[in-house]
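Okay, here's what each chain looks like letter by letter:
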Amino acid sequence: MGDAEIIPIGTRGRPGRGTGTAPSSAARGLAGGAGGEPRPVRRKADAARRADAATGPVDEAPGAADPATEPVVQPAAEPDAESLVEPSGTETPAATLPEGESPRPAVTARERHPHAGIPAADLLAAFQHASRELFGEQWEAQLAHFLAFLRRRVTGDYAVDEYGFDQEVTQRFFMAALRPIAEKWFRIEVRGIENIPAEGGALVVSNHSGTLPIDGLMTMVSIHDRAGRFLRPLGADLVFRMPVVSSLARKSGATLACSEDAERMLRGGELVGVWPEGFKGIGKPYSQRYKLQRFGRGGFVSAALRTGVPIVPLSVVGAEEIYPLIGNIPSLARLLGVPYLPITPLFPLLGPLGLVPLPSKWLLEFGEPIRTDEFDAGAADDPMLVFDVTDQVRETIQQTLYTLLMERESVFR
């Protein structure tokens, strides 16, 4: 490259052509330097051109055509918005489709974007209509109530009684969660709800069964929905030793099963619930179903006698079949600190799935109240009288259970 001679363009003709011919566009481009000075080119490039002219025209590689002879390609015009949309009803040409595929109709702009151009007011109206269809006509009021509930919880503007009972949380969440189970899963049928006093203190005494104390929860929601009152359960001490369960039980209205708390709530006009069988009732084997166990020492009767409130016997049929108890592991139960560790046909064979209760049909019947205000003031200290009233309540529940079992056609219907 060091022996190349620099010659000015324009002093020679174009290779292969006569001198004096106008230079090509490429030559003019090279010659147009600053100040009109000609640009130098190398001798080897000029020699190569002369060799090409001597040997004749040779097919040039693609893209190597003379710029002077190349056609000028105009840029394509920008398509307008209307040209991008195929007219409605036209079809894709069959020639452009793969073999065997039939043409399909073109899609219009409205079909591609069905909500384009809809006013905001119409969209809001459509949203409100869809919300009413999903959540009912009162969804806006329910949303306002929920936001007000959140504000009260944040600011602390809510009431809790001396036992830890939170009426608003119980009604809004606990009852709302239990209600579908009672109505859809167990399909509870309630009889004798008129025997529940509309106001004032009363003691509801029920049989206990089901391996897990679900019958107490179903009794609470049934009384709340049909009698409009909150049932205040008396729970065993094991319930209040469990971290999470203890807090939930307190908020739902439960308290420890002791005579002092029971008498205070009864005097305060509360509806108190008690299950005298305790763990002996819910932990009995399936072969002894609907056979009442011993009712303790009659402490609930003493509380009713001291406060003069009526005793309402309750018989529950259907809870015995939700977890048929066929076995127990007492050694492991003592290690875990629980009264029993149940074995059912589904648990622990199916693991957590075995904890789902069977959908048995439930019957709840409230019997006629047993009055206690007719006894003397010292009747609660008479053990024979307490025993007689306790036995009367127990026999009333047992006989009602037998009657309901005879009326029941099937466990699950």
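Please refer to the structure higher up on the page.
These numbers were taken from a predicted model, which means no experiment stands behind them. (Residues numbered from 1 in each chain as written. Predicted model: local features only at pLDDT ≥ 70, side-chain atom pairs only at ≥ 80, totals over all residues. Heavy atoms only, no water.)

Trainee: Help me understand the pattern of salt bridges, please; the structure alone is not making it clear to me.
Mentor: As a working rule, side chains carrying opposite charge can pair if their charged atoms are close by. A complete count under the given rule lists 19 salt bridges for this structure. Here Glu270 makes a salt bridge to Arg232, at a shortest N to O gap of 3.6 Å. Residue Glu270 is located in the loop between helix H9 (259–267) and strand E7 (271–274), and its partner Arg232 is located in strand E5 (residues 231–235); the two are separated by 38 residues in the primary sequence. Given a relative accessible area of 27%, Glu270 falls into the partly exposed group. Given the relative accessible area of 1%, Arg232 is considered buried. Across the pair Glu263 and Arg267 runs a salt bridge, and its minimum N-O distance is 3.7 Å. Highlighted residues: Glu263 and Arg267, both in helix H9, separated by four residues, approximately one helical turn. On the basis of relative accessibility, which here comes to 12%, the residue Glu263 falls in the buried class. In this structure Arg267 comes out as exposed when scored by relative accessible area, which is 54%. Sharing partners across several salt bridges, the network here consists of Arg152, Arg153, Asp166 and Glu168. (Salt bridge = Lys/Arg side-chain N within 4 Å of Asp/Glu carboxyl O. Helix = DSSP H or I, 4+ residues; strand = E, 2+ residues; numbered from the N terminus. Buried < 20%, exposed > 50% of the residue type's maximum accessible area, 1.4 Å probe, protein only.)

Trainee: What am I meant to see in helix H11 (residues 299–307) here?
Mentor: Every α-helical turn comprises 3.6 residues, leaving residues that sit three or four positions apart pointing alike. Counting buried positions over the nine residues of H11 gives seven, a clear majority of the element. Considered for burial, the residues of H11 that qualify are Phe300, Val301, Ser302, Ala303, Ala304, Leu305 and Thr307. In this fold, the buried residues of H11 make contact with strand E4 (202–206), H9, E7, strand E8 (311–317) and helix H13 (383–407). Phi turns positive one or two residues past the end of H11, at Gly308, with a value near 70 degrees. (Contact = heavy atoms within 4.5 Å.)

Trainee: Can you walk me through the sheet that holds E4 in this structure?
Mentor: In a beta sheet, neighbouring strands pair by backbone hydrogen bonds and run either parallel or antiparallel. Pairing within the open sheet is mixed, and its seven strands lie in the order E3-E11-E8-E4-E7-E5-E6. Whereas interior strands pair on both sides, the edge strands pair on one side only; in this sheet they are strand E3 (189–191) and strand E6 (255–256). Direction of pairing for E8 relative to strand E11 (residues 363–366): antiparallel, over a ladder of four bridges. Residue pairing in the sheet places Val316 in a bridge with Leu364 of E11. (Pairing = 2+ DSSP bridges.)

Trainee: How should I be thinking about helix H7 (residues 214–227) in this particular structure?
Mentor: Over its 14 residues, H7 extends 20 Å from the first C-alpha to the last, a length consistent with the 20 Å expected when each residue adds 1.5 Å. Most of H7 is tucked away: 10 of the 14 residues are buried. Taken together, the buried positions of H7 are Ile214, Asp215, Gly216, Met218, Thr219, Met220, Val221, Ser222, Ile223 and His224. For H7, the elements touching its buried residues are helix H6 (167–185), E3, E5, E7, E8 and E11. Once H7 finishes, Gly228 follows within two positions and takes phi at roughly 70 degrees, a positive value. (Expected span 1.5 Å × (residues − 1).)

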